[in-house]
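# Descriptive structure summary
As a plain string of letters, each chain reads:
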Amino acid sequence: MYVLKFGGTSMGSVEAIRRVAALVEGYGKRGPAAVVVSAMSGVTDELLRLARQAASQDEDWAQSLDALEEKHSAVFDTLVADKKSWAPIAADFSALRALYQGICLLGECSPRSADRVAAFGELLSSRIFAAHLANRISTEWADSRKLIRTDSQFGAAHVQFAVTEQLVRGYFGNRAARVFVLPGFIASNETGETTTLGRGGSDYTAAIIGAALPEAEVEIWTDVAGMMTADPRLVPAARTISALSFQEAMELSHFGAKVLYPPAVQPLMKKDRAVRIRNTFAPDEPGTLIHAQPLADRTIIRGISSITGIALVSLEGSGMVGIPGFSHRLFGALARHQINVILITQASSEHTICVAIQSGSVDAAIRAVQEEFRNEIREGSIEPLQCETGLAIVALVGDQMKNHSGISGRKFSELGRNGINIRAIAQGSSERNISTVISGSDVRKAINVLHEAFFETEYKQVNLFIAGAGNVGRKLLSQIAQQQAWLQQHLRIQLRVIAIANSRTMAFAEGGIALAHWESELQQGDAMDGAAFQERVAALNLRNSVFVDVTAQESVAATYEAFLKRSIPVVACNKIAASATYARYSTLKDLSKEFGAPFFFETNVGAGLPVISTLSDLMSSGDQVHQIEAVLSGTLNFVFNNYDGSRPFADVVRDAQAQGYTEPDPRLDLGGTDVARKILILAREAGAELEFDAIQNTPFLPPSCMEGSIEDFYVEMERHEEHFRALLEEAKTAGKRLKYVARFSAGAASVGLQAIDAQHDFYHLYGKDNVVRFFTNRYVEQPLVVKGAGAGAEVTASGIFADIIKTARS
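Residues numbered from 1 in each chain as written. Predicted model: local features only at pLDDT ≥ 70, side-chain atom pairs only at ≥ 80, totals over all residues. Heavy atoms only, no water.

Glancing now at the sheet that holds strand S13 (residues 352–358). The 6 strands are arranged S12-S13-S11-S14-S16-S15 in an open sheet whose pairing can be described as antiparallel. Strands at the two margins of the open sheet, each flanked by one partner only, are strand S12 (343–346) and strand S15 (424–427). In this sheet, adjacent strand axes meet at a mean angle of 30° when their direction is disregarded. Bridge count between S15 and strand S16 (residues 433–439): 4 bridges; the pairing is antiparallel. Its bridge partner being in S16, Ile 425 is matched across the sheet by Thr 436. Against the sheet, helix H10 (residues 326–336) contacts strand S11 (303–316), S12 and S13, and its axis sits at roughly 15° relative to S13. (Pairing = 2+ DSSP bridges. Helix = DSSP H or I, 4+ residues; strand = E, 2+ residues; numbered from the N terminus. Axes fitted to C-alpha atoms, helices over the stretch in contact; angles between N-to-C directions. Contact = heavy atoms within 4.5 Å.)

If you want it as structure tokens, here you go:
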């Protein structure tokens, strides 16, 4: 026999009832079916509300009951042609009205009366459904109260299984109907009084019937497609779990997956019967099959679940160490005050016991513990109870975890890398569940991080927050747009640009900005505010977030610490932070290590050239750098390669600026400041504790060129054209070429214009190329040379992009 259970949403409307009837008709044609139904959505709560209203002697209950009757009558009239079938339903409403009148007269609603009231929800829905189904297939309505025997604990009665099994088998053993419709949730005691089975009662009814009947196939139909790997409201990529053991299902249900009420399936577990969870609104989907025995497959993690609204309650004190009985007293005190303990953890020192409870129970817990440990608290051997609210529990569940090492480590690593602090940890000896307590504000991020790590083999989602939309920023966004599909296909990385900002506006889109229209979205964004930008990033709290600085602004560089402290990696084209004081540089590097957030700034030196990464590899592999010689300004190299005296020096510089090779203020390039910052960064990456002021900078510009506005700068260069021509002629006469060279050796650094002879590596350096020569323990006579284009928006953007990819793969 098929045993099918349909919940309140499946009975919630005329359309839903018709859909269920079609399903049941199909089952009935294949074999006999027992169909257990819940009350229509919201009806049970409304019935109990009216009972409380009647108990308070508020006569408005009668009007509300009329509305409830009209609701059921409207559904009946639409679904059932034979109006004679309304008679038992009308009788139920008459009995219900009399019951409310009695409650109102007495001024109280006892648990016995509450069970009688609550039972009418299922009685009414099952009668309507049976009457509708009778038009389609041979159908019989069966009263569950005559089949399921319980004790007299009203509200959550205990089933007497031996008697119940006899009643169920006796009833179904000699019936000819194809379909039997039963009200869920209700039963009766030995004297025939109505009882209810408590929370999840309709599931329980189906399990009781299914366990009593030999070879019954039990299916619970809900409004979801079975049990999911995570809450689909939090994790869009969550998918249906095809199969689970009962133990796994109960663990997931305990920690927030409300598809199944664990005690409801105990009868099936005892009989080694399976149950399938299916979706009324997607009947072709197979749903989730829950087995009595653990599944013999290689799936390690079955699902991720969570509970919010959690508080941690900690009892600690030196008086607890080595003294037996404290745990017993704590749990006893909480139990006496009806406080449910969800999670327990205790330090091996016995100095602390920590339990997780619902936040709503905190005040009661404090009173219970203070009362129980009054003397110890007064003596100081135990500290007053500590409570921390606003927390949540996130649990990994899977029978196979016990056979695989490293699951806990992987979980903690993924959470830590995303800046999610773990407040407490618990794992049972069965190793079926690894639970962590975290901040409630981190639940969405945590579940997505873990789901990506354990279930999503297709790609890793990386969320970018980009400051700077100038020449380099535009190229970067273009490169990301061009490469997104390739990255997802070949590297399994899904890059999403969540925010873009310039000096005027900022645009955010939690689902990702459409890069084909980013300019219009930015124009329509909010006014740029650095603090507000940080707050939005923090509020979104997305997994695998990366902050990308494509500006030259000190105010943007000042935000790096805040991002790193939130475990958000920083990719910087901006040189200001890495070339600030050594103390700040060191702080940023330390924060990167402390919070596990990469701080990459490859494009600070050499645009897209792998200069810093090469130096890092040398140092990491144990080499020691003795000297660095470099031409680090693509701008200056372009200028001196193109200045031949045929046109003014100022015109060549204007050309370099027009092509995007210079900083926004070209004086940073020509005055040596930019090159000095670059050699400073290389010196620091080589291990030197060097400050910017210690770099010897020999200027070649006349002092007046450094005064006034940028336009004044060009005017002054034109006025001093003879000075620049003299430098050029002097070098040409000696058979040399002018190059702006940076050098680091013996702990000292310098930058300045030099005349380079034809035998030097720098002589044949053309266009905007950069070159860096590393002299090390391993590269003594022949240096390691990195050479290539060292300026330009396209190559700089590609260097930033490469750092983003490194971050995504770290």
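Attention now goes to the nonpolar core. Counting residues in hydrophobic clusters, the biggest one holds 83 residues, and the most contacted among them are Phe 465, Phe 533, Phe 547, Phe 649, Ile 679, Leu 682 and Met 717. In terms of residues, this core owes the most to one element, helix H25 (residues 673–685), which gives 7 residues. When neighbours within four sequence positions are excluded, Phe 649 is seen to be in contact with Val 639, Phe 640, Tyr 643, Leu 670, Phe 700, Met 717, Glu 721 and Phe 724. Val 75, Leu 79, Ala 118 and Trp 221 belong to the second-largest nonpolar core, a separate cluster that totals 54 residues. (Core = buried A, V, L, I, M, F, W, Y, C linked by side-chain atoms within 4.5 Å. Buried < 20%, exposed > 50% of the residue type's maximum accessible area, 1.4 Å probe, protein only.)

Linking two cysteines covalently via their sulfur atoms produces the bond known as a disulfide. Scanning all chains against the criterion turns up 0 disulfides. Free of any disulfide, Cys 104 has its nearest neighbouring cysteine sulfur in Cys 109, separated by 12 Å. The closest cysteine sulfur to the non-disulfide-bonded Cys 387 is located on Cys 354, 9.8 Å from its own sulfur. For Cys 387, a relative accessible area of 31% corresponds to the partly exposed category. (Disulfide = S-S within 2.5 Å.)

The next point concerns the packing of helix H6 (residues 161–172) against helix H7 (residues 201–212). At a minimum axis separation of 9 Å, H6 and H7 run at an interaxial angle of 75°. In terms of axis orientation, H6 runs roughly perpendicular to H7. Contacts between H6 and H7 pair Phe 161, Thr 164, Glu 165, Val 168, Arg 169 and Phe 172 from the former with Tyr 204, Ile 208, Ile 209 and Ala 212 from the latter. For the contact of H6 with H7, the per-class residue count stands at 7 nonpolar, 1 polar and 2 charged. (Parallel < 35°, antiparallel > 145°, perpendicular 65-115°, else oblique. Nonpolar A, V, L, I, M, F, W, Y, C, P; charged D, E, K, R; others polar.)

Counting buried residues in strand S4 (residues 179–183) gives 5 out of 5 residues, a clear majority hidden from the surface. Here S4 shows two buried faces, one formed by Val 179, Val 181 and Pro 183 and the other by Phe 180 and Leu 182. As judged from the 5 bridges shared by strand S2 (residues 33–37) and S4, these two strands associate in the parallel manner. Considered in S4, the bridge of Ala 34 is made with Phe 180. Pairing between strand S3 (residues 139–141) and S4: 3 bridges, direction parallel. Bridged to Glu 140 within S4 is Phe 180. Handedness of the β-α-β unit built from S3, H6 and S4 comes out right-handed. (Right-handed = clockwise from strand over helix to strand, strands pointing away.)

To continue, consider the sheet that holds strand S27 (residues 748–756). Within the open sheet, the 6 strands sit side by side as S25-S27-S26-S24-S28-S29. Their pairing is mixed. Two strands bound the open sheet, and with one partner strand each, they are strand S25 (696–698) and strand S29 (784–789). Direction aside, neighbouring strands of the sheet carry axes that sit 20° apart on average. Where strand S24 (residues 625–631) meets strand S28 (residues 769–776), 6 bridges bridge the pair, whose relative direction is antiparallel. Across the sheet, the residue bridging to Val 625 is Thr 776, located in S28.

This paragraph deals with helix H14 (residues 443–454). For H14, which comprises 12 residues, the first-to-last C-alpha distance of 16 Å matches the rise-based estimate of 16 Å (1.5 Å per residue) to within 8%. Along H14, 11 of the 12 residues are buried, which leaves the element largely enclosed by surrounding structure. Residues of H14 that are buried: Val 443, Lys 445, Ala 446, Ile 447, Asn 448, Val 449, Leu 450, His 451, Glu 452, Ala 453 and Phe 454. Of the surrounding secondary structure, the elements contacted by the buried residues of H14 are S11, strand S14 (386–397), helix H13 (407–417), S16 and strand S17 (460–467). (Expected span 1.5 Å × (residues − 1).)

A separate point is the packing of helix H4 (residues 86–106) against helix H5 (residues 111–133). One can describe the packing of H4 onto H5 by two numbers: an axis separation of 10 Å at closest approach and a directional angle of 165°. Relative to H5, the element H4 is oriented roughly antiparallel. Seen from above, H4 lies across H5 with left-handed handedness. Residues Pro 88, Ile 89, Asp 92, Phe 93, Ala 95, Leu 96, Leu 99, Tyr 100 and Ile 103 of H4 form the contact with H5, whose own contacting residues are Ser 113, Arg 116, Val 117, Phe 120, Leu 123, Leu 124, Arg 127 and Ile 128. Grouping the constituent residues of the contact of H4 with H5 by class yields 13 nonpolar, 1 polar and 3 charged. (Left-handed = near helix turned anticlockwise from the far one by under 90°.)

Here S24 pairs with strand S26 (residues 737–745) via 4 bridges, running antiparallel. Of the residues in S26, the one forming a bridge with Gln 627 is Ser 745. Summarising the sheet, S26 and S27 pair through 9 bridges and their orientation is antiparallel. Paired with Tyr 740 across the two strands is Leu 753, which belongs to S27. Hairpin connection of S26 to S27: 2 residues between the antiparallel strands, including Ala 746 at a positive phi of 55°.

The full count for this structure, using the stated rule, is 39 salt bridges. Measuring nitrogen to oxygen at the nearest pair gives 2.9 Å for the salt bridge that ties Arg 97 to Asp 66. With Arg 97 in helix H4 and Asp 66 in helix H3 (residues 61–79), this residue pair connects regions lying 31 residues apart in the sequence. The class for Arg 97 is partly exposed, based on a relative accessible area of 22%. Each of the salt bridges in this network shares a partner with another, and the network as a whole consists of Arg 329, Arg 336, Glu 372 and Glu 376. (Salt bridge = Lys/Arg side-chain N within 4 Å of Asp/Glu carboxyl O.)

Below, the discussion takes up the packing of aromatic side chains. Under the defined criterion, the tally for this structure stands at 26 aromatic pairs. On the basis of an interplanar angle of 55° and a centroid distance of 5.2 Å, the ring pair of Phe 508 and Phe 533 is categorised as tilted. Taken together, the residues span a long stretch of sequence, with Phe 508 in strand S19 (residues 505–508) and Phe 533 in helix H17 (residues 530–540) at a distance of 25 residues. According to the relative accessible area criterion, Phe 533 is buried, its value standing at 4%. Three or more aromatic residues joined by ring pairs make a cluster, and in this case those are Phe 465, Phe 508, Phe 533, Phe 547, Tyr 560, Phe 563, Phe 599 and Phe 601. (Phe/Tyr/Trp six-rings, centres within 6.5 Å; stacked < 30°, edge-to-face > 60°.)

Moving on, we get to the environment of Ala 311. Tracing the backbone shows Ala 311 in strand S11. The sequence separation of Ala 311 and Arg 566 amounts to 255 residues, and the corresponding C-alpha distance is 23 Å. Apart from the residues within four sequence positions on either side, Ala 311 is in contact with Val 355, Ala 356, Ile 357, Gln 358, Ser 359, Val 362, Glu 388 and Thr 389.

We now examine the environment of Gln 696. Examined against the element boundaries, Gln 696 turns out to sit in strand S25. Looking at Gln 696, the relative accessible area reads 52%, which means it is exposed. With 607 residues separating them in the primary sequence, Gln 696 and Ile 89 have C-alpha atoms 97 Å apart. Ignoring sequence-local partners within four residues, the contact set of Gln 696 consists of Ala 749, Ser 750 and Val 751.

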